[in-house]
Amino acid sequence: MKKLMALTLALLMTMSLAACGNKPADTPAEDGDSAAFVPEKNINWICTSSAGGGSDIFTRKIADIMKNENLVNGQNIIPDNKTDGSGEIGRNLVATMKAGDADYTLLTFNSGDLIPMVTNTKNRAANFRILAIMAVDKQLLFSCPTSDMKTDYAKNGGDQSDFAAAIEAAKNGTFVVIGGSKGDDLTTYKKLLDEVGLTEQQMGYITYDSTGDAITSALGGNVDFVISKPAAASQYVESGDLKGVLALAEERYVGNLADVPTLSEIGDYNNVEVPVWRGVAAPASMSDAAVEFWSAALDAVADSDAWHTEYLEKNQLIDQHLSTAEATTYVTDYEAAYMAEHDLK
């Protein structure tokens, strides 16, 4: 009887432990088995582009929606623009962050951030937790008709409203200069040159920390054309300070950009586009519980009316939302394809 009672007690204890996760209540939680995460202090959101650019607008819009929709337990989200080293210092800070603050750190992470990172550093997508992809963006070329242009093209009577004329001028020996951000903007510029048959010595490129900085330079008359996504350029288009001259996409935009032609419409060329996925990442040391929380919060943002009307529709982005598992696979595959194409290790 004593043996039977002992066996019964042992069985009951085993069942009780199984119901509690197969360990006593005072056993420390293992990875992936921690309590639910809820933010209890300020969240630091690092953006490796300057204020006013497309990435900064993306960051602040998500932060606003999270706050307004009460998705962060009443805590503040503090955008932190870290642009040193073309953003690599900020990305490396997140990649190497130790546990603790990791659960309270987010990073704006786009294809335009990944491209220079894998080209110039040892950091890879695996050094981060990929939380979500939120949208896909594309670019246009703009001129600044209201500025007092100081460039060779302008001094030689170049027409800032006609990119076809700028191509011909460059082919005939007049230097034309384009301004833009790093990463995807630079990739788009190089793809454009290849298609129209120009070299960097004929049509040059000045790299800025953000699209906002590039637009400021255009307003000062220091570049002939500037590459921008609709979000960063929208207010300047509405004020008349910027004029769209070329849609870097397979088809025209709509709204106040509907009259901007594609490359195939201004000459015997194929259209050029480099779609830019916009996402959110976190330190690799972020806990599984925090990853689950932030992925769900970003899901809620993507489902909100404010995201669709105030960001996607307003700035003419493509709605492409992926949660953490799908986003991780997407970014990993994108990185592998880019590295293979450019023979990177």
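Predicted model only: the values in this text are computed from it and were never measured.

Caption draft 1: Quick look at helix α7 (residues 184-196). Here α7 is 13 residues long and its end C-alpha atoms lie 18 Å apart, about the 18 Å a rise of 1.5 Å per residue gives. Listing the buried residues of α7 in full gives D184, D185, T188, Y189, L192, L193 and V196. Just beyond α7, the residue with positive phi is G197, at close to 75 degrees.

Caption draft 2: Representation of the layout of surface pockets within the structure. Each pocket or cavity is described by its volume, and for the largest pocket that value is around 380 Å³. The set of elements that each furnish at least two residues to the lining of the largest pocket consists of α7 and α13 (324-341). Here the lining of the largest pocket is built from residues that sort into seven nonpolar, three polar and four charged.

Caption draft 3: Representation of the sheet that holds strand β11 (residues 318-322) within the structure. Taken in spatial order, the six strands of this open sheet run β2-β1-β3-β10-β4-β11, and their pairing is mixed. The open sheet is flanked by β2 (77-81) and β11, the only strands paired with a single partner. Strand-to-strand twist in this sheet, taken as the mean axis angle between neighbours without regard to direction, amounts to 25 degrees. Across five bridges, the pairing between strand β1 (residues 43-47) and β2 is parallel. By the bridge assignment for β2, N44 is matched with I78. Against the sheet, α13 contacts β3 (105-110), β4 (128-137), β10 (276-283) and β11, and its axis sits at roughly 80 degrees relative to β4.

Caption draft 4: A look at the pattern of salt bridges. One pass over the full model with this rule turns up twelve salt bridges. As a salt-bridge pair, K41 and D101 come within 3.4 Å of each other at their nearest N and O atoms. Residue K41 is found in the loop between α1 (2-19) and β1, and its partner D101 is found in the loop between α3 (88-95) and β3; the two are separated by 60 residues along the sequence. On the accessibility criterion, K41 (38% relative accessible area) is partly exposed. Accessibility expressed as a relative area gives 47% for D101, which makes it partly exposed.

Calculation notes
- Residues numbered from 1 in each chain as written.
- Predicted model: local features only at pLDDT ≥ 70, side-chain atom pairs only at ≥ 80, totals over all residues.
- Heavy atoms only, no water.
- Helix = DSSP H or I, 4+ residues; strand = E, 2+ residues; numbered from the N terminus.
- Expected span 1.5 Å × (residues − 1).
- Buried < 20%, exposed > 50% of the residue type's maximum accessible area, 1.4 Å probe, protein only.
- 1 Å grid on protein atoms, 1.4 Å probe; cavity = no way out; pocket = protein on both sides within 12 Å on 5 of 7 lines; lining within 4 Å.
- Points joined across faces, edges and corners; volume = space filled by probe spheres on them.
- Nonpolar A, V, L, I, M, F, W, Y, C, P; charged D, E, K, R; others polar.
- Pairing = 2+ DSSP bridges.
- Axes fitted to C-alpha atoms, helices over the stretch in contact; angles between N-to-C directions.
- Contact = heavy atoms within 4.5 Å.
- Salt bridge = Lys/Arg side-chain N within 4 Å of Asp/Glu carboxyl O.

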